[in-house]
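# Overview (structure and organization)
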Amino acid sequence: MRRMVYMFDEGHSGMKEILGGKGANLAEMTNIGLPVPYGFTISTQACNAYYEAGKTIQDEVKDEVLASLRRLEERTGKKLGDHLNPLLVSVRSGSVFSMPGMMDTVLNLGMNDLTVEAIAELTNNPRFAYDSYRRFIQMFCNVVLEVDVFYFEQYLDEVREQKGYHSDPELTAEDWKEVIDGYKKIVKKHTKQDFPQNPMEQLFLAINAVFDSWNNQRAIIYRRLNKIPDHHGTAVNIQSMVFGNMGEDSGTGVAFTRNPSTGEPLLYGEYLINAQGEDVVAGIRTPHPIQTLKDDMPDVFEEFTGMCRRLESHYKDMQDIEFTVERGKLFILQTRNGKRTAQAAIRIAVEMVQEGVIDIREAILRVEPEQLNQLLHRRIDDQYEKTVLAQGLPASPGAATGKVVFDPDEAETLKNQGEKVILVRPETTPDDIHGIIASEGVVTSRGGMTSHAAVVARGMGKACICGCESLKIDVKKKQFQIGDIIIKHLDVITMDGGTGEVIQGEIPMIDPELSEEFELLLSWADQERTLGVRANADNPEDTQKALEFGAGGIGLCRTEHMFMDAKRVPIVQEMILAQTEEERKNALEKLLPMQQSDFEGIFEVMQELPVTIRLLDPPLHEFLPDKEQLIAEAAKLQLTEPESPELKETEFLLKKVKQLDESNPMLGHRGCRLGIIHPEIYQMQAEAIFYAATELVKKGTAVKPEIMIPLVGHVNELKLMRQTVIATASQIQQETGIQIDFTIGTMIEIPRAALTADQIAEVADFFSFGTNDLTQTTFGFSRDDAEGKFLKSYVDEKILPENPFAVLDQEGVGQLVKMGVELGRKTKPALKTGICGEHGGEKSSIEFCYLQGLDYVSCSPYRVPLARLAAAQAAIKHEKRNSELVV
């Protein structure tokens, strides 16, 4: 059988998979000579075996635990349960990945009615002994016997009040004896059994409880949030106790070797004199800043400072250290790489390079790309309490506070009056664009991560929450309801587009901070990465933001978004409702200068950098009013004004909407299919592109338009559309005498396109993988429906490891991307390939794109820094891996 238990001096820091992070670090610190209370670690493999055996500790593991316990007793000269010199231990969890506070701990294990007397006599401190015993009963009963801590705290409050005390240190030994008797009665009442007196029984019950805590609700949620695998299990660390509550020469604390909020290279933390570890975090007493330890215990402070420097130098990272002082002697209980904010992570990584502790590549790997979102958007200050009303889909990051409004016109009016508003709607349409622009953020009860509100808000860098179905929105009454809570018109709410939380009232915000260290780290990343990073942008403002964030071009310009401006929607509707080709051309002529102006603005910002422009993609009915609203409006007019022109106009509009209505719009008349049936639309867009490029060339600016035909599934579709674009370019060249260099490619978003990519590459200059639609067509999921109805359950039940619209499904969709690249380059070895779905801004998806040899990824402007860092990390990681394989 595999070995399951290791003494601290038998392990090392490289054994995290077996000993967990805490156990590996305790072993490492023991071996480098730090004052670590001795003990042993039960491995993560024993945890997995425990679950495989139906939540039972195997006999072989029990035997190893008992053998290790004997070695611990020999080392300390104490014995568990001994009535003269008892050993007390802590039982703590320790997973492979740091999960602070998520799993359970038991301290002072081994105390009972006999050992408490021995400890009182050995320490000559009965008050300390009985205080420790009552702490053990409370913690053991809460963690192991599942008696709510509330009952113990309530009873303790009653005792304090009855005796006129204000804090725990005022209780005497006799007081604590009285509390212990009360605690035992609570245990008997809630468990129907006496508090266990046998220390060996206590030990194995505690080990069971720590293993069980691997799957408690908070641990499961934390793992899901931080993408920690479930299969690792937790180790259990059995460590001899040292006590910080033995008098004024004792204490306990937690410290970081650098400030985890700012990264400042100064000790940061807090401690308490005459206290145990849980007192520091429980909030019962107010801790002191770590710097004042030099006044209370100057020798201890000097020794601790030296150990902090030693640990940081050894682990080459900022450390989070737990320590205890017992009668003037310092003990280190734990060290781990400290959790930190994005701002601190960047500063620490850069400064450690400057200090010569780590190299540039290691600094790049130290910063989690997702953390950069904290720096690019306003975020909620976590110091303040918040009342979360509801949670929807986190459609666009950033946080916002404002007065609730339900009408886009009112949002615009109030904005002009200097008010900050949050637009709350069941869903948004192109007609609402002015309200979105005027708002601090948008909340909708329907729609998914690619709904109108989500896409528009992301492009603008505004916070957005979609699909918040628990909001019962009543637009007429101007209010929404969640359970018994009603939020009325102009009430203030806060929203967090990064988490999807809708919060009652105003919560203070932290503004984005782009430090010199931030820019330096990204410049290092640019030197290391080989994968290009572009941005998805549909207007000059977003293009400028993308350029500021370091985009190397525009990878996706969605031209339909240019139609969504409130002033343009009526002209678009005029084009759609046209009865003849001539009427449609008249409407298109009105749109032409508008689109041309947009393209000129984008080209002017990007200069010689490439700009990929996707021709109109969505079905035409999306630009028309909602069918259900028209039906309701027509019914009302039939009753009130049956002869009115308004009724005829509404009925005509309804008829047209019904004609264009589709059972499955995603698979219907959209993309290149629309361009083939209505070539005049794509012709107008091509004219706008080439006229805009011509104007820029006249000004001496080189432009690189890349024209992308969407939704191609068959090579013949691309052939036809390519000819339309080339004919338009030729006509404008003859007219202006200016030749524009351009390329024509396609968006691969239909499985058939990936399967026949070798044929499509014959007429395509580039491929851009639209992985959002490719995911929908591969899975057969409608994203809005899936995310709103069943995808969360799929992820929770582990049917899928991740939401495939957020993290690329490498086994399915990824294989189509891989095949598309390979087949395309088989025809054209130099074929340019990129990805322009949202996956282009997700770390693991970027790594996949790097491995498939794509030329670039494209993402939202606000995710460009993330993509630059993730692309560099992919290159470094795989270069390291390849060099290790060669060795």
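My aim in this report is to walk through the structure given alongside it, one point at a time. Numbers given to residues run from 1 along each chain, matching the order in which its sequence is written. Residues qualify for local features only when their pLDDT is at least 70, as the model is predicted, and side-chain atom pairs are given and counted only at 80 or more; totals for whole chains, interfaces and linings, by contrast, use all residues. Side-chain descriptors were evaluated using all non-hydrogen atoms of the structure, hydrogens and water having been removed beforehand.

## Describing the packing of aromatic side chains
Pairs were defined over the aromatic rings of Phe, Tyr and Trp, the Trp ring being its six-membered one, requiring ring centres within 6.5 Å. Orientation was assigned from the angle between planes: stacked under 30 degrees, edge-to-face over 60, tilted for the rest. The final tally for this structure, using the stated rule, is 20 aromatic pairs. With a centroid separation of 5.7 Å and 85° between ring planes, the pair formed by F136 and F195 is classed as edge-to-face. Of the two residues, F136 is situated in helix α5 (residues 126-143) and F195 in the loop between α7 (173-191) and α8 (199-213); the sequence distance between them amounts to 59 residues. Here F136 falls in the buried class, since its relative accessible area comes to 0%. A ring pair is formed by F304 and F323, whose centres lie 4.5 Å apart and whose planes are at 40°; its orientation type is tilted. Here the residue F304 occupies a position in helix α12 (residues 298-315), and F323 occupies one in strand β11 (residues 319-326), the gap between them amounting to 19 residues. There is no split in this pair, since F304 and F323 are both buried. Linked through ring pairs, F779, F781, F790 and Y794 together constitute an aromatic cluster. The ring of F204 has K62 lying over it, and the distance from NZ or CZ to the ring centre is 6.0 Å. The lysine or arginine in question, R534, covers the ring of Y856, its NZ or CZ lying 3.9 Å from the ring centre. Helix and strand definitions follow DSSP, with helices as H or I runs of at least four residues and strands as E runs of at least two, each counted in order from the N terminus. Between buried and exposed lies partly exposed: a residue is buried under 20% and exposed over 50% of the maximum accessible area for its type, with that area taken using a 1.4 Å probe on protein chains only. Each ring is checked for a lysine NZ or an arginine CZ that lies within 6 Å of its centre and within 35 degrees of its normal; such an atom marks a charge sitting over the ring.

## Notes on the sheet that holds strand β8 (residues 251-256)
The pairing criterion is simple: DSSP has to find at least two bridges between the two strands. Sheet architecture is open: 5 strands sit in the order β10-β9-β8-β11-β12, paired in antiparallel fashion. Of all strands in the sheet, those with a lone pairing partner are β10 (288-289) and β12 (329-337), marking the two edges. Of the pairings in the sheet, the one linking β8 to β11 comprises 6 bridges and is antiparallel in character. By the bridge assignment for β11, T252 is matched with T324. The contact definition used throughout considers only heavy atoms, calling two residues in contact when any of these lie within 4.5 Å. Only the stretch in contact is used when a helix axis is fitted, and all axes are lines through C-alpha atoms; the angle between N-to-C directions ranges over 0 to 180 degrees. Seen against the sheet, α12 touches β8, β11 and β12 and runs at an angle of roughly 30° to β12.

## A few points about the sheet that holds strand β22 (residues 485-488)
On the basis of which strands lie adjacent, the open sheet formed by 3 strands has the order β20-β21-β22 and antiparallel pairing. In this open sheet, the two strands that pair with only one neighbour each are β20 (472-474) and β22. Neighbouring strand axes in the sheet, compared pairwise and without regard to direction, differ in orientation by 20° on average. Examined bridge by bridge, β20 and strand β21 (residues 479-482) share 3 bridges and lie antiparallel to one another. Across the sheet, K472 pairs through a bridge with Q481, a residue of β21.

## Here we look at the side chain of T30
Within the secondary structure layout, T30 lies in helix α1 (residues 16-31). Not counting residues up to four positions away in its chain, the partners in contact with T30 are F8, D9 and V36.

## Comments concerning a negative patch on the surface
A cluster of acidic side chains, namely E248, D249, D295 and D296, defines a negative patch on the protein surface. In this structure, E248 sits in the loop between β7 (234-240) and β8. Residues qualify for a patch when their relative accessible area is over 30% and they have no salt bridge, like charges being joined within 9 Å and the nonpolar side chains of Val, Leu, Ile, Met, Phe, Trp and Tyr within 5 Å. The accessible surface values rely on the Shrake-Rupley method and a 1.4 Å probe; as for residues, cover is taken only from the protein chains in view. Any Lys or Arg side-chain nitrogen found within 4 Å of a carboxyl oxygen on Asp or Glu counts as a salt bridge. The charged-residue count follows a simple rule in which Lys and Arg add positive charge and Asp and Glu add negative charge, with His and chain termini not counted at all. Here the site of a charge means atom NZ of a Lys, CZ of an Arg, CG of an Asp or CD of a Glu.

## Quick notes on the environment of W176
Note on placement: W176 falls in helix α7. Between the C-alpha atom of W176 and that of S663, which follows or precedes it by 487 residues, the distance is 73 Å. Filtering out sequence-adjacent residues up to four positions away, W176 remains in contact with R127, Y130, D131, R134, L156, D168 and L171.

## As for the pattern of salt bridges
With the rule as written, the count across this model stands at 57 salt bridges. With a shortest N-O distance of 3.0 Å, R825 and D855 are connected by a salt bridge. A residue pair is termed long-range when its members are at least 10 positions apart, and R825 in helix α33 (residues 813-827) and D855 in the loop between α34 (843-851) and β33 (856-859) qualify at 30 residues. Residue class for R825 comes out partly exposed when judged on its relative accessible area of 21%. A relative accessible area of 33% places D855 in the partly exposed class. Each of the salt bridges in this network shares a partner with another, and the network as a whole consists of R127, D131, R134, R135, D157, R160 and D168.

## Some words on the packing of helix α26 (residues 679-698) against helix α27 (residues 715-736)
Interaxial distance between α26 and α27 falls to 9 Å at its minimum, and their mutual angle equals 40°. On the basis of the axis angle, α26 is oblique to α27. Note on packing geometry: the crossing formed by α26 with α27 is right-handed. On the side of α26, the interface is formed by P679, Y682, Q683, A686, E687, F690, Y691 and T694, while α27 contributes M721, T724, V725, T728, A729, Q731, I732, E735 and T736. Under the scheme applied here, ten amino acids are nonpolar (Ala, Val, Leu, Ile, Met, Phe, Trp, Tyr, Cys and Pro), four are charged (Asp, Glu, Lys and Arg), and all others, including Gly, are polar. Looking at the contact of α26 with α27 residue by residue, the class counts come to 9 nonpolar, 6 polar and 2 charged. Here the angle decides the label: under 35 degrees means roughly parallel, over 145 means roughly antiparallel, 65 to 115 means roughly perpendicular, and every other value means oblique. Here a crossing is called left-handed whenever its near helix is offset anticlockwise from the far helix by less than a right angle, and right-handed whenever the offset is clockwise.

## Focus on helix α6 (residues 149-163)
What a helix is expected to span follows from its residue count: subtract one and scale by 1.5 Å. Taking 1.5 Å per residue, 15 residues should reach 21 Å; α6 reaches 21 Å between its end C-alpha atoms and fits that length. Those residues of α6 that fall on the buried side of the exposure criterion are F152, L156, V159 and R160. Considered in projection along α6, the buried side chains sweep an arc of 95° and stay on one side of the axis. Within α6, the exposed residues directed more than 90 degrees away from the buried face are E161 and Q162. Elements that come into contact with the buried residues of α6 comprise α5 and α7. Any N or O atom pair separated by 3.5 Å or less is treated as a polar contact, with the protein-specific requirement of one donor-capable and one acceptor-capable atom, and with residues adjacent in sequence counted only for side-chain atom pairs. Among the residues of α6, the N-terminal cap falls to D148, whose side-chain oxygen and the backbone nitrogen of F150 are separated by 2.8 Å. Looking one or two residues beyond α6, the residue adopting positive phi is G164, at roughly 80°. Within this analysis, the arc is defined by the directions that extend from the helix axis to the C-beta atoms.

## Here's the deal with the pairing of strand β26 (residues 532-536)
Sheet faces and side chains relate simply in a regular strand, where the side chains alternate between the two faces. Counting buried positions along β26 yields 4 of 5 residues, so the element is predominantly enclosed. For β26 and β33, the ladder comprises 4 bridges, and the chain directions are parallel. Within the sheet, the bridge partner assigned to A535 lies in β33 and is C859. Where β26 meets strand β27 (residues 554-558), 2 bridges bridge the pair, whose relative direction is parallel. Among the inter-strand pairings, A535 is bridged to a residue of β27, identified as I554. The handedness of the β26 to β27 crossover, carried by helix α20 (residues 540-548), is right-handed. Here a crossover is taken to be right-handed if, once the strands point away from the viewer, the path from the first strand over the helix to the second is traced clockwise.

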